[in-house]
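# Report on the structure
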Amino acid sequence: MEERFGEMVTIDLKPGGADVAVTEANKKEYVDHVVEYRISKRVKDQFDAFMSGFSELIPQDLVNVFDERELELLIGGMSEIDVYVSPFSRCLIRVLRFYQRDDWTKFTDYRGYEVNDEVIQWFWKCVRSWPAERKSRLLQFATGTSRIPVNGFKDLQGSDGPRRFTIEKAGDPNHLPKSHTCFNRIDLPPYKDYASLEYKLTLAVECVSLSHALMGCLPLIYMSIERLSASDKSR
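Read on for an overview of the structure. The model shown is predicted, which means the values in this text are computed figures rather than measured ones.

### Here's the deal with the overall build of the protein chain
Within the protein chain, the secondary structure is distributed over ten helices and eight strands. As presented, the protein chain carries roughly 15,500 Å² of accessible surface, and 57% of it is formed by carbon and sulfur atoms.

### A closer look at a nonpolar patch on the surface
On the surface, Val22, Tyr30, Val31, Val35 and Ile39 cluster together into a nonpolar patch covering about 460 Å² of accessible area. Topologically, Ile39 is positioned in helix H1 (residues 27-39). Owing to a relative accessible area of 65%, Ile39 belongs among the exposed residues under this scheme.

### With respect to the side chain of Thr166
In this structure, Thr166 sits in strand E6 (residues 165-169). Thr166 has contacts with Asp109, Arg111, Asn184, Arg185 and Ile186, leaving out every residue within four places of it along the chain.

### What to know about the pairing of strand E3 (residues 108-111)
Burial along E3 is one-sided: the residues Thr108 and Tyr110 are buried and none of Asp109 and Arg111 is. Bridge count for E3 against E6 is four bridges, and the pairing is parallel. What sits directly across from Thr108, in E6, is Phe165.

### Section: the sheet that holds strand E8 (residues 185-188)
Pairing is mixed in the open sheet, where four strands are placed in the order E3-E6-E8-E7. With one partner strand each, in any of the chains shown, E3 and strand E7 (178-180) form the two edges of the open sheet. Adjacent strand axes in the sheet meet at a mean angle of 20 degrees when their direction is disregarded. Sheet strands in contact with helix H7 (residues 118-129) are E3, E6 and E8, and its direction is about 135 degrees off that of E6.

### Comments concerning the nonpolar core
Of all hydrophobic cores here, the largest spans 29 residues; its most connected members are Phe123 and Leu138. Put simply, the parts of the chain that give this core at least two residues each are H7, helix H8 (132-143), E6, E8 and helix H9 (194-215). The element that contributes the greatest number of residues to this core is H7, accounting for seven residues. Dropping the residues within four chain positions of it, Leu138 is found in contact with Trp104, Phe123, Val127, Trp130, Ile186, Leu201 and Val205.

### Brief notes about the pattern of salt bridges
Applying the stated rule across the entire model yields eleven salt bridges. Ionic pairing is found between Arg164 and Asp109, a salt bridge with its closest N-O pair at 3.0 Å. One end of the pair, Arg164, is in the loop between strand E5 (161-162) and E6; the other, Asp109, is in strand E3, and 55 residues separate them in sequence. Arg185 serves as the salt-bridge partner of Asp187, at 3.2 Å between the closest nitrogen and oxygen. Taken together, the salt bridges that share partners define one network made up of Arg111, Glu168, Arg185 and Asp187.

### Overview of the packing of aromatic side chains
Taken as a whole, this structure holds six aromatic pairs when the rule is applied. Ring centres 5.4 Å apart and planes at 75 degrees place the aromatic pair Trp104 and Phe165 in the edge-to-face group. You can see Trp104 sitting in helix H6 (residues 103-106) and its partner Phe165 sitting in strand E6, a full 61 residues away along the chain. Classification of Trp104 as buried rests on a relative accessible area of 0%. Taken together, the ring pairs connect Trp104, Phe123, Trp124, Phe153 and Phe165 into an aromatic cluster.

### Topic: unusual backbone geometry
At Asn184, a residue that is not glycine, the phi angle is positive and equals roughly 55 degrees. Mapped onto the elements of the fold, Asn184 is located in the loop between E7 and E8. Classification of Asn184 by relative accessible area gives buried; the value is 0%.

Criteria and cut-off values
- For every chain, the first residue of its written sequence is number 1, and the numbers climb from 1 along that sequence.
- Given that this is a predicted model, residues contribute local features only at a pLDDT of at least 70 and side-chain atom pairs are listed and counted only at 80 or more, while totals for whole chains, interfaces and linings are drawn from all residues.
- In computing side-chain properties, one takes all heavy atoms of the structure into account and sets aside hydrogens as well as water.
- Counting from the N terminus, the helices are DSSP H or I runs at least four residues long and the strands are E runs at least two residues long.
- Surface accessibility follows the Shrake-Rupley procedure with a 1.4 Å probe radius. Residue values consider only the protein chains on display as shielding.
- Distance thresholds for patches are 9 Å for like charges and 5 Å for nonpolar side chains (Val, Leu, Ile, Met, Phe, Trp, Tyr), applied to residues having over 30% relative accessible area and no salt bridge.
- In the sections that follow, a salt bridge refers to a side-chain nitrogen of Lys or Arg positioned within 4 Å of a carboxyl oxygen of Asp or Glu.
- Burial classification: accessible surface area is computed with a 1.4 Å probe over protein chains only, and a residue below 20% of its type maximum counts as buried, one above 50% as exposed, and the rest as partly exposed.
- Here a residue-residue contact requires only that any non-hydrogen atoms of the pair lie within 4.5 Å.
- For two strands to be treated as a pair, DSSP must find no fewer than two bridges joining them.
- Angular values range over 0 to 180 degrees, each being the angle between N-to-C directions of two axes fitted as lines to C-alpha atoms, with helices fitted over their stretch in contact.
- The set of buried Ala, Val, Leu, Ile, Met, Phe, Trp, Tyr and Cys residues whose side-chain atoms join them within 4.5 Å is what this entry labels a nonpolar core.
- Planes of paired rings set the category: under 30 degrees apart is stacked, over 60 is edge-to-face and the rest tilted, where pairs are Phe, Tyr or Trp rings (Trp by its six-membered ring) whose centres lie within 6.5 Å.

Rendered as structure tokens:
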């Protein structure tokens, strides 16, 4: 059921779906149909109209070379994100940080860490050393978008409303950082040295882009596996 112009209507997620009860056995199929409807079918007419107009301006073959993250960076550009790392000793950070921190660090929350912890200082030092594109990819890695809100990081939104950028102490130091884009959160393990943090944070951010590129190759990979399996059976 969903509301359309003040009226409740029943939507069949599949032919005869209104007569099929959701059970433990078919709940995954139900969720898959709901996701497909909400993301694709419900807005199909609007999306087709948008794509028709978009394709009149930019041919489809020029867009197909980009994944969704690269296309967002191409259309929206990259914001210049300045990250402050204090050059002063720790005893002065408490006095100076509220006057000299930039927007990103100012509106960042910490769980399990304190702002003065060595790992956090390494994190911002690493980010500050990155070029603009990689900073945007980090923001994309953590929040799902490479764009900063118009009013800055204080207006960063999550899946359930306002959510500040958050760094949580979690994970094994031998593992890569993880992100939770619904909550604008990075799980950052307590690395033992700066080199480890720099290497693994960079790898995590860059591998996200690589994984999206590889997703486009999966159908070909599956097809090759199927052909090899069929070939082995025929021998």
